[in-house]
Amino acid sequence: MTKVSIIIPVYNAAESLPYLLADLQKQTANDAEFIMINDGSTDESAQIITDFIKKQTDTDNSFILIDQAGAGASAARNTGLRHAKGDYVMFADSDDRLAPDFVKEYVKAIEKNQTDIEIFSLSKVDDLDSLHEISRIDYTPFSKLGIISGSDYIKYLMADQIYAYPHSYIFKRSLWQGRQFDPQVSYQEDRLAFSLIVADTPGIKIHLNPECYYYYYIHDDSATRKLSAADLEETVDVDKKIIRAALKSKSIDVPESTLNQTLTSAYWQMLVLSVQQNNQKQFKLAKRGFLHYVSQTTFNTTEMAKKRKMQAALLKLNLDFVVKAKIKH
């Protein structure tokens with residue numbers, strides 16, 4: 001019986017795939033299946049994976065390649081979910097690196113803690129050879145909280161204190177029954193999918209883990225590097241969908257003013273990008289949205305409340321040049 005399914009979308013990853021495939025081969029976990037979905041690659045990705053699988057032993061059926069027309073990461077992950085047979089589901093990307101115990105420790109933690117979702121820390125690196133770390137998502141402070149509820153998860157997510165990096169998560173596969181990623185959402189689709197699962201699952205148990213077994217490669221083609229101020233409009237739409245789901249959910253008890261933290265953050269990010277990209281139209285839209293929600297928001301920390309109030313005060317006084325100067329420097 002398959003213990004865990006690891007779903008890996010692949011698109012034009014010929015340069016990084018040798019690293020990933022070597023890491024998959026070194027995994028110490030037993031009873032794992034690695035489902036790689038070639039999402040319409042135009043390079044040698046599919047052939048590289050095919051050659052790799054052919055070299056495995058005849059009895060090793062843990063490496064699976066599925067070809068589909070290019071439809072995006074969400075559609076690829078949905079395909080993987082439909083084919084997954086494991087008790088648990090994990091995700092990885094084709095241009096990242098994995099520690100040898102990546103799968104083993106994720107499974108070990110979710111079983112030991114008897115949780116529905118286990119969330120791990122994550123290392124951001126800028127080199128696939130040296131794994132030079134440039135930053136880290138570190139959940140050490142949150143791990144001390146023990147098991148958290150769905151309400152806690154939503155509250156911390158909306159305050160940007162925890163994140164929806166798919167590679168940090170291991171789920172009970174049963175949570176995905178009848179659920180999938182929205183292929184129409186191209187940015188923050190993981191944040192939306194995970195939030196809807198949490199909002200729709202009464203009594204869900206979640207734990208944040210301080211350990212790190214995943215290396216997230218930041219490169220020039222990363223989506224976050226190419227993000228425009230206009231793209232953040234989709235983030236706002238996603239956040240509004242999450243807020244509606246949380247308010248509708250009978251198992252989530254978080255005030256709307258607390259949920260609004262995510263909207264003030266999204267509009268501020270939009271404002272920052274509009275300055276960096278010299279987009280005056282987007283700046284005005286972001287300013288209007290930020291000022292609308294900041295007065296309707298309760299912040300998790302006193303520090304953030306003071307910061308947002310100062311930003312709002314400058315914008316209300318039409319001291320846009322001061323705000324822009326601070327952003328640029």
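Predicted, not measured: the structure shown is a model, and the values here were computed from it.

Caption draft 1: Focus on the overall build of the chain. Broken down by element type, the chain carries 13 helices and nine strands. Relative to a compact globule of 329 residues, whose C-alpha radius of gyration would be 20 Å, the chain shows 21 Å and is just as compact. The dimensions of the chain, computed from C-alpha atoms along their principal axes, are 70 × 40 × 35 Å. Classification of the 329 residues of the chain by burial places 53% in the buried group. A separation threshold of at least 6 residues defines the contact pool for the chain, and within that pool the share at least 24 residues apart is 78%. Carbon and sulfur atoms provide 47% of the accessible area of the chain, an area that totals close to 15,700 Å².

Caption draft 2: Representation of unusual backbone geometry. Phi is positive for glutamine 114, close to 55°, though the residue is something other than glycine. Relative to the elements of secondary structure, glutamine 114 occurs in the loop between helix H4 (102-113) and strand S6 (117-125). Despite not being glycine, leucine 131 has its phi angle at roughly 55°, a positive value.

Caption draft 3: Local environment of the pairing of strand S2 (residues 32-39). Burial analysis of S2 places eight of its eight residues in the buried class, the great majority of the element. Of the two faces of S2, the one holding Ala32, Phe34, Met36 and Asn38 and the one holding Glu33, Ile35, Ile37 and Asp39 are both buried throughout. Bridge count for strand S1 (residues 4-10) against S2 is seven bridges, and the pairing is parallel. Of the residues in S2, the one forming a bridge with isoleucine 8 is methionine 36. Note that the unit made of S1, helix H1 (residues 17-25) and S2 has a crossover that is right-handed. Judged from the six bridges that link them, S2 and strand S3 (residues 63-68) form a sheet pairing that is parallel.

Caption draft 4: Region of the structure containing the pairing of S1. The buried fraction of S1 is high, at seven of seven residues. Burial along S1 is two-sided: the residues Val4, Ile6, Ile8 and Val10 and Ser5, Ile7 and Pro9 are all buried. As defined by bridge partners, S1 adjoins strand S4 (residues 88-91) across four bridges and the pair is classed as parallel. The residue bridging valine 4 from the neighbouring strand is tyrosine 88, located in S4.

Caption draft 5: Representation of the packing of aromatic side chains. Counting across every chain of the model gives 21 aromatic pairs. Pairing phenylalanine 142 with tyrosine 156 gives two aromatic rings, centres 4.9 Å apart and planes at 70°, and the pair type is edge-to-face. Taken together, the residues phenylalanine 142 in helix H5 (residues 140-143) and tyrosine 156 in helix H6 (residues 150-158) connect sequence positions 14 residues apart. An angle of 15° between the planes, with centres 6.0 Å apart, marks the rings of tyrosine 267 and tyrosine 293 as stacked. Here the residue tyrosine 267 occupies a position in helix H10 (residues 261-276), and tyrosine 293 occupies one in helix H11 (residues 280-294), the gap between them amounting to 26 residues. Across the pair, exposure class does not vary: tyrosine 267 and tyrosine 293 are buried alike.

Thresholds, definitions, all that
Residue numbering note: each chain is counted from 1, following its sequence as written. Note on the predicted model: pLDDT of at least 70 is required for a residue's local features to be given, and 80 or more for side-chain atom pairs to be given and counted; whole-chain, interface and lining totals, by contrast, use all residues. Computation of side-chain values: all heavy atoms of the structure, hydrogens and water removed. Here a strand is any run of E in DSSP of at least two residues, a helix any run of H or I of at least four, and the numbering for each starts at the N terminus. We compute the radius of gyration over the C-alpha atoms and compare it with the globule rule, which gives 2.2 Å times the number of residues raised to the power 0.38. Using a 1.4 Å probe on the protein chains alone, a residue whose accessible area is under 20% of its type maximum counts as buried, one over 50% counts as exposed, and one in between counts as partly exposed. Contact definition: two residues touch when any of their heavy atoms are within 4.5 Å. Residue burial considers only the protein chains on display, and all accessible areas are found by Shrake-Rupley using a 1.4 Å probe. Pairing between strands is defined by DSSP: at least two bridges between them are needed. Crossovers are described as right-handed under a simple rule: with the strands pointing away from the observer, the path leading from the first strand over the helix to the second runs clockwise. A pair of Phe, Tyr and Trp rings is counted when the ring centres sit within 6.5 Å of each other, with Trp represented by its six-membered ring. The angle between the planes then sorts it: under 30 degrees is stacked, over 60 is edge-to-face, the rest tilted.

Keep in mind these numbers describe shape, not what the thing actually does.
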